[in-house]
Every structure is written in C-alpha cells, then in structure tokens.
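Observations on the three-dimensional arrangement
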Amino acid sequence: MKKFILLMMFLVLGSVPVLKAADYIDRMGDLVEEISLLNVLRGIYLNEQQAKRIAQLAAEAEKLRATTRAEIEGLAAMPHFEQLRDELYTALAENPPEVRKKVVLLDNQAHKLTGELLDKLAGMEEEIKTLLSHGQQNIFWAFVPCIVPEVDFENPVRTGQAAASSRLMPACELIRNTSEEMWKKHGQAYLDHILKVIEQDAGKMTGDTREDLRRRMVKHAWKIRKMPEADYMINRSQLAEELLLINREQTLRSGFRTTGKLARFFLSPSAARVLPRWVETHFGPGAPVSSEPVIASAPVDLTGSMPAVLPDKISPAAQPANADQSAKPQTDSDKEFWETLVPKSLARLSETPYFDHIYHAFGKSFSRSIFAEENSYVDTFTLLKEAGVILTREREQQYYTLTQGEP
Amino acid sequence: MTKKDFCSMNRRKFLQSSALMAGASLWRGDLPLLAADSESRFPAESIRTLADGRLQCSLCPNACVPAEGENGLCRARGLRDGKYVSLVYGLPCVIAIDPVEKMPLFHYHVNSPAMAISTAGCNLTCQYCQNWQFSQKSPAETTNFSFRPEELIVRALDFQVQSIGFFYTEPIIYIEFMKDIARLARKSNLKTIMVTGGYISPEPLRELFELIDMFVVGFKGFNDEFYKEVIGGGIEHVQNTLKLIKGSGRHMEVVSLLIPGKNDSEEQLKTGIDWFIANLGTDVPWHFSRFAPEFKLKNLPPTPNTILEKARKMALAAGMKFVYTGNNPGQEGNHTYCPGCGKKVVERLGFKVMRSVLSRGKCPDCGLQMPGVWLDDLPNGNI
C-alpha cells in the first residue's frame, strides 16, 4: 500500500509540471494565432454585417468541431489503437496483429467524419468568400501570419501623402546613404543579411542560386547607390520593391475538399474567441464612435525643429546574425551601422511568428501553410525565376500600390 | 517653329530643342541660375503695390506684406532686394511617379500614373498635414532639386506618363513655375492636374483655367470654425474656388478628410452635402477620406470606417452620383458605379485599378457617359 501511495504521489507530482508545460506551449500557440487574426482584422476593415456574420460562422465551426470530436470519440477507437501499438513491439512481419484491420477501419471512419467536417467548413469558407469584397480578399491573400504586420499593412500610404510606400524604403535608403567607406566595409554583409531574409521565406537555396542572387543584389545595390539624385527620387519606390525578391502569393491545398486560408483565420477556434469581442468592441451597443480611444483632446505641440524623418521602431529580429566578420574590431560607426541603422532599415518588414519552431522543439507538428488564392504550394523555382524577371527589369514598370501584405 | 511643328516633334527633336532652349537662356543670362538647396529669385506674379509703397502678394487670401528679407506665410515667396520673388521656382523638393488615384483623381484615364511634383511651403497650416516635413518649411530648409520646366517635361516624356500633377502641398504658391510647366505640358500633349486646398484668390485662379486640365480640391471642412481652428484659413474662399472651377467647365473632383470629432458629425456632414449639391451639383465626384493621426493631431484616433460609409450613404441618398471613400482599401466605396444602371465600372484596391470596363468613360451596359477626362485613344489605354 505504501509503495502504491508513493508511486501515485510520484506520478502526480511528476506529471503536473509536464502538463503545465504542454498547456503553456499550446496557450502560446493560441495567442499567436489570435494576435495574427487581429492583425488581419485591423487591416481589412470589416463592416458590421460582415463581422457579425463571420463571428457567427466561426461559432458554428466550433460547434461542428465539437460534434465531430464527440462522434470520433464515440467510435471508441482508442483501445484498438493502443492494442495495435503495443502488439507492434513484438509482432512478426509475416504475422501482423489481427487488430490492425480494425484500426484501419476505425481510422477510415474517423477520416470520413473529419472529411465531412472539412466539407462543411469549406462550404462556410465559401460563404465568407462571398461576404468579403474583392478588394478585401486581395488584401487577405497577401497577408502572412504575423506578430507584427508590415508597416504598410497597418498604415498604408494615404491619399495626398508624398511618402514612398515601400516597406523596403528604409533598406533602400540605407544602401544609398551609407558612406563609401562604410559600404566597402559592411555592404556585402548587409546584402547577405537581406538574402537570409529571403531564404527564411523561400526556403534554403542551393549554393549556385544563392550566388546568382547575391550577384544580382550587388548589381542592384550599385544601381541604388550610383543613380543621380533626381532619378533616385523618381524611381525609389520601384528600386526599393526590387530589393526583396519574394512573392509570397504561391501555395497549395490537398485532400478531401479541404479548407484554405480564409478558414484558417476566420473559422478557427481563435476566430471563435476573437471575433465576438471584435464585434462587441466595434459594433456593440456601447461601442465608441472610433475604433481607437482618444488619447488626449489637445493638439500636439510640435516645434519646427522636428526631424524630417521620424525614426521607425527597431525590430529585434532584424539584428544581423553574423555581422561583418572582416570589420573587427568594431568602431563606434560600425556598431551604429549594425546595431541601429541595419535594424531600422528592415524594421518595416513584418515579424512572422517563430511559433512553429517552438512547436517543433516540443515535439508537435504545427502547419504554417501559407495559402494563395490558387491554394498551391510555394514553388521556389517560380519564385526565383520571378526574382530574376524583376531584377532584369523585364517586368513592366509598377508604381506604388500593392506590395505584399499592403492594402 | 510653328505650334503644329512643336506638337508633332519626336522625342529626340524635343530633347535637342530643349537643350538649345536651356543653353540659350543661360547664355542670355536673363534667367536666374538655379541651384539645389537654395532659394530662387524668380519674379513673383500677382503682386500689387500698396499706397504706402509696400508690396503685397494677392495670390491667396493671406495677402502677405512681408518686410525686406522676410517670407510670406507660405514660405515660398518673399521680399528680396526690394522685389517680391518666388523662392521655389525650379526647385521642387518632391518628384515622384504616382498613380492619379492617390490625388485622388478617379474620373480620369485609368491606370495612368502621373509625374507629381511639389515645392516646399504651403499657404495653409492644416494641423493634420501628412506632408508637414516640407509643407511647413521654407525651401532653405528642404532638399531641393534643380529642375527647369523643360527638364521636367523631358523627364515626364521619358517616363511615358500622360500627366503632370502639382501635388502634395498648395501649388498656387509656386504659380509661376506651375504655369511655365503647364504651358510646355500642353505643347507636349501632357495633361496637367492641380491638387489644391482651394485657398486662392479668384484672379490668379481664373488665369489657371487656360492651363490646367483637372482640379482636385480639398473641401477640408464644412464650417468656418473648423477652417479657422484646424486649417488656418476661411471656408468662404474655398467655397468660392469650388464654384469658380465648376463654372470654368474644367474637370474637378473634391476630397474631404473626415477627422473624428472635428468635421465628421452628422450635422456638419449634412451642411457640407447640402452646400455641395446646391452649388456644385450632383455630378462632381466627392471623396471622403480616412484620417490617420499626423503632425499636430496625433492625439486623435483614425476615422472609423463606419463614419466614412455613413458620409457616403448620406451623400448618395441626397442625390450625389459619384461618392467615394478613401484610405480604407478593400471597401465598396473605393469603386466607381454607373449611376445609370448601377454596374461596377471601375474596381480599385487602394490606388490600384483592378478592373475597368469603361470605354472612353462610357458604361458598357447602359452607355451612360461618366464625367471626367478619358484618354482611351492614347497608349496605355483602358485596361
């Protein structure tokens, strides 16, 4: 009896932290999803009717999931699965466990139930598609799950505003304005850093491809630095956009009729949590006239001596992983370049969550699928080909409107 | 060279003659040399001498009478060596290729970027100005580019744009520069667009009707209190400008930025809409834009989308035919609908035209002609 009590205590005490850790990681993942969804909502301007209906659909999706979950539980498949697992430790290949057939059958039933659920969710997704305007859908397709959205997504260039719109404008400005001496010292390392950002999105490149892109980047940077001032002023938006050779709008889906990006955001459990509060905040009876609270009533008193360009916030993720190795020991200006100027130059890019990495570390697979309108997988070859087309200027001139993630 | 010769010349010839013109003017020495980052001393127009001998600028209702060495309120004109001069002639501080939708100009040849320019200074002091970095500065405080009018035209032709926009700040403050560019633009088959706050005296405005093809006027608020408090001007002059442009027959679009708590109340909107319809009619396109905290009004929240939609619905209900919402991409109010049959004839996302079914401004279904300037006969035609 004593041994049994001790064993129980050991199990209870031992299991509590494990459960807590698992809960904690799951909760973090949920919060990242909610943050990402809120970022979409802040850039897509749903009207009351849209927001209410989508919230309703998200709640219905949750109910459907609960029903299906109960149905799958009703199959009472777990003992069979466990039996198969246990028998596989010792079963001979020529004499496989008898229970395997039963498990396959149960798995098929569960798959069928899940497929039916997905089918219903896909139908609801169709409805969301019809609810959203074409423009909203365009904004949505360009959106990537993120903790910090691209500056231009949250705050696009407005009517009458002289500012250039590109999220890469600070990077372009850094390339242009860095002194010759500093550029010789750090320029290549900076361009390599941008290449790393590209690789984060596109996947690892082969050595040859990376070298090819590297050459193109050097050429492009040279063009940015040497262009006459007036030409640069006129062309700067395009020059900036051509810096990051990424087209995120390519992806995939498979299976039964499965759900896509709209469902991933608007029919998710996160949506069922977030949307009712969003609706209440913005369209409820006590909703303020504005979406944001008024901070103060008096106009801000600005002096004429304010800097022409206000400093952007600095993104910690933009810190260089390997600062220029040839520049040691670093001087104050080197430090300023890497610790202040470089992060600032890339601060307008979005901060995509690292949560999938965290999930991997904890032994869970977490899909970070990014869907495009065509719902096809990212095709790295096409992406790089596209990049080549941009850099060789074979593509027609595109003035500001939409960069990825920019409404 | 006859006028006909000039209009039919190819680009090479144009460049050659421009270079000759520039060279000749330098040789003659009667034009001031322009240098970036400094002031120009170009003789100012619309100057009158007061009874006491002082010089007064009559371009806008500010009617500045600066002392020697001082600038007018716009900071772009001032008294130097006893002469009233333009300090910004040939010194734009912004040059960009921008979509006309950014001005916002929707009833114009779609998918048509314009070369947009601006100089330092402005005759208004809008508390929410999003270009305050140069609109509230003198040319001595900004980085400027030295560009003669003919050089700008050459650039515009080089970029194959179809129009030149005087944009970002109040163009009337550099009227001399604007007129010279507009004259050359006309000869080069380029359209001109003036984006203005409308705080202009009638006389100089009338002179512009000959040279400017399209006007976008900021009708920034709907009562005088708002203009006095937030804009630094008076509504009466702006209303007068709107009426004069309407009367001139030039294409005009109007833009109103709705600011929470300042000019977005139902009562103010109703006042604005009533005045608009009574004086400008129902055909003039009107854009309600979303405010974003800027400059001295960073303490205010952005305009809720619902307010923009409400304003649009009120204007449509009152009989207006073309009412848009702006700075809120992805919304129904961004598109153009045919008032005859309700068909969506131009679909936009932000400043980008996604789809247009107009043909020379006509609805393909009911054939209704939309007001505007449509250039389908030019390259880069309707998409």
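Description of the structure in this document.

What counts and how
Residues numbered from 1 in each chain as written. Chains lettered and ligands numbered in written order. Predicted model: local features only at pLDDT ≥ 70, side-chain atom pairs only at ≥ 80, totals over all residues. Heavy atoms only, no water. Helix = DSSP H or I, 4+ residues; strand = E, 2+ residues; numbered from the N terminus. Buried < 20%, exposed > 50% of the residue type's maximum accessible area, 1.4 Å probe, protein only. Contact = heavy atoms within 4.5 Å. Areas by Shrake-Rupley, 256 points an atom, 1.4 Å probe, with all protein chains shown as cover. Salt bridge = Lys/Arg side-chain N within 4 Å of Asp/Glu carboxyl O. Pairing = 2+ DSSP bridges. Axes fitted to C-alpha atoms, helices over the stretch in contact; angles between N-to-C directions. Left-handed = near helix turned anticlockwise from the far one by under 90°. Nonpolar A, V, L, I, M, F, W, Y, C, P; charged D, E, K, R; others polar. Right-handed = clockwise from strand over helix to strand, strands pointing away. Expected span 1.5 Å × (residues − 1).

On to the overall build of chain A, then. Summing up its helical and strand segments, chain A has 15 helices and zero strands in all. When burial is assessed residue by residue, chain A has 43% of its 407 residues classed as buried. If you take every contact in chain A between residues at least 6 apart in sequence, the share linking residues at least 24 apart comes to 83%. When the accessible surface of chain A is totalled, it reaches about 22,100 Å², and 58% of it is carbon and sulfur.

The next thing to look at is the pattern of salt bridges. For the structure shown, the criterion picks out 35 salt bridges over all chains. Here glutamate 34 of chain A and arginine 273 of chain A are joined by a salt bridge, their closest N and O atoms 2.3 Å apart. Here glutamate 34 of chain A, found in helix 1 (residues 2–44), pairs with arginine 273 of chain A, found in helix 12 (residues 269–283); they are 239 residues apart in sequence, far enough to count as distant. The exposure class of glutamate 34 of chain A is buried, given its relative accessible area of 13%. Between aspartate 231 of chain A and arginine 155 of chain B there is a salt bridge, with its nearest N and O atoms 2.0 Å apart. Here arginine 155 of chain B lies in helix 4 (residues 149–158) and aspartate 231 of chain A lies in helix 10 (residues 229–241), a pairing that spans two chains. A residue is classified by how much of its surface remains accessible, and arginine 155 of chain B, at 23% relative accessible area, is partly exposed. Linked through salt bridges whose partners overlap, the residues forming this network are Arg53, Glu60 and Glu127 of chain A.

The next point concerns the sheet that holds strand 7 (residues 113–118) of chain B. All names here are of chain B. With mixed pairing, eight strands are arranged side by side in an open sheet as 6-7-8-9-10-11-12-13. Each edge of the open sheet is held by one strand with a lone partner, namely strand 6 (94–99) and strand 13 (323–326). Averaged over neighbouring strand pairs, the angle between their axes works out to 25° when direction is ignored. Bridge count for strand 7 against strand 8 (residues 163–166) is four bridges, and the pairing is parallel.

For the rest of this paragraph, the subject is unusual backbone geometry. Note: most residues except glycine have negative phi, and most peptide bonds are trans. A cis amide bond links methionine 103 of chain B to the next residue, proline 104 of chain B, at an omega of -5°. Although it is not a glycine, alanine 76 of chain A sits at a positive phi angle of roughly 50°. Within the secondary structure layout, alanine 76 of chain A lies in the loop between helix 2 (48–74) and helix 3 (78–87). Exposure remark for alanine 76 of chain A: the relative accessible area of 45% places this residue in the partly exposed category. In this structure, arginine 75 of chain B is a non-glycine residue whose phi angle is positive, near 70°.

Helices that pack against each other are described as a pair by the angle of their axes relative to one another and the distance between those axes. Residues and elements named next belong to chain B. Here helix 8 (residues 235–248) crosses helix 9 (residues 266–280) at 35°, and the two axes come no closer than 10 Å. The handedness of the crossing between helix 8 and helix 9 is right-handed. Of the residues in helix 9, those touching helix 8 at Gln239, Leu242, Lys243 and Lys246 are Trp275, Asn279 and Leu280. Its residues assigned to classes, the contact of helix 8 with helix 9 comprises three nonpolar, two polar and two charged.

Moving on, we come to the pairing of strand 9 (residues 191–196) of chain B. Residues and elements named next belong to chain B. In terms of residue burial, strand 9 counts as a mostly covered element, since five of its six residues are buried. Relative to strand 9, strand 8 is paired through four bridges, and the arrangement is parallel. Its bridge partner being in strand 9, serine 163 is matched across the sheet by lysine 191. A crossover connection joins strand 8 to the parallel strand 9 through helix 5 (residues 175–187); in handedness this β-α-β unit is right-handed. Note: strand 9 against strand 10 (residues 214–218), four bridges, orientation parallel. Paired with threonine 196 across the strands is valine 217, a residue of strand 10. Taken together, strand 9, helix 6 (residues 202–208) and strand 10 constitute a β-α-β crossover, and its handedness is right-handed.

Glancing now at the environment of leucine 57 of chain A. Residue and element names in this part refer to chain A. Tracing the sequence through the fold places leucine 57 in helix 2. In this structure leucine 57 comes out as buried when scored by relative accessible area, which is 0%. Separated by 18 residues in the primary sequence, leucine 57 and asparagine 39 have C-alpha atoms spaced 19 Å apart. Apart from the residues within four sequence positions on either side, leucine 57 is in contact with Met124, Glu127, Ile128, Leu131 and Leu267.

Time to look at the sheet that holds strand 14 (residues 336–337) of chain B. Residue and element names in this part refer to chain B. Strand order in the open sheet made by the three strands is 14-15-16, with antiparallel pairing throughout. Whereas interior strands pair on both sides, the edge strands pair on one side only; in this sheet they are strand 14 and strand 16 (352–356). Pairing of strand 15 (residues 344–349) with strand 16 involves four bridges; the strand directions are antiparallel. Directly across from glutamate 347, in strand 16, lies its bridge partner arginine 355.

On a regular strand, one side chain projects to one face of the sheet and the next to the other, so that they alternate. Residue and element names in this part refer to chain B. A large share of strand 6 lies buried, amounting to six of its six residues. Of the two faces of strand 6, both are covered, the one formed by Val94, Ala96 and Asp98 as well as the one formed by Ile95, Ile97 and Pro99. Pairing between strand 6 and strand 7: six bridges, direction antiparallel. Across the sheet, the residue bridging to aspartate 98 is alanine 114, located in strand 7.

Residues and elements named next belong to chain B. Relative to the 20 Å expected for 14 residues at 1.5 Å per residue, helix 8 spans 20 Å between its end C-alpha atoms, a close match to the ideal helical length. Residues Ile235, Val238, Gln239, Thr241, Leu242, Leu244 and Ile245 constitute the buried set of helix 8. Where helix 8 is buried, its residues meet helix 6, strand 10, helix 7 (224–231), strand 11 (251–258) and helix 9. Glycine 249 sits one or two positions beyond helix 8 and adopts a positive phi of about 85°.

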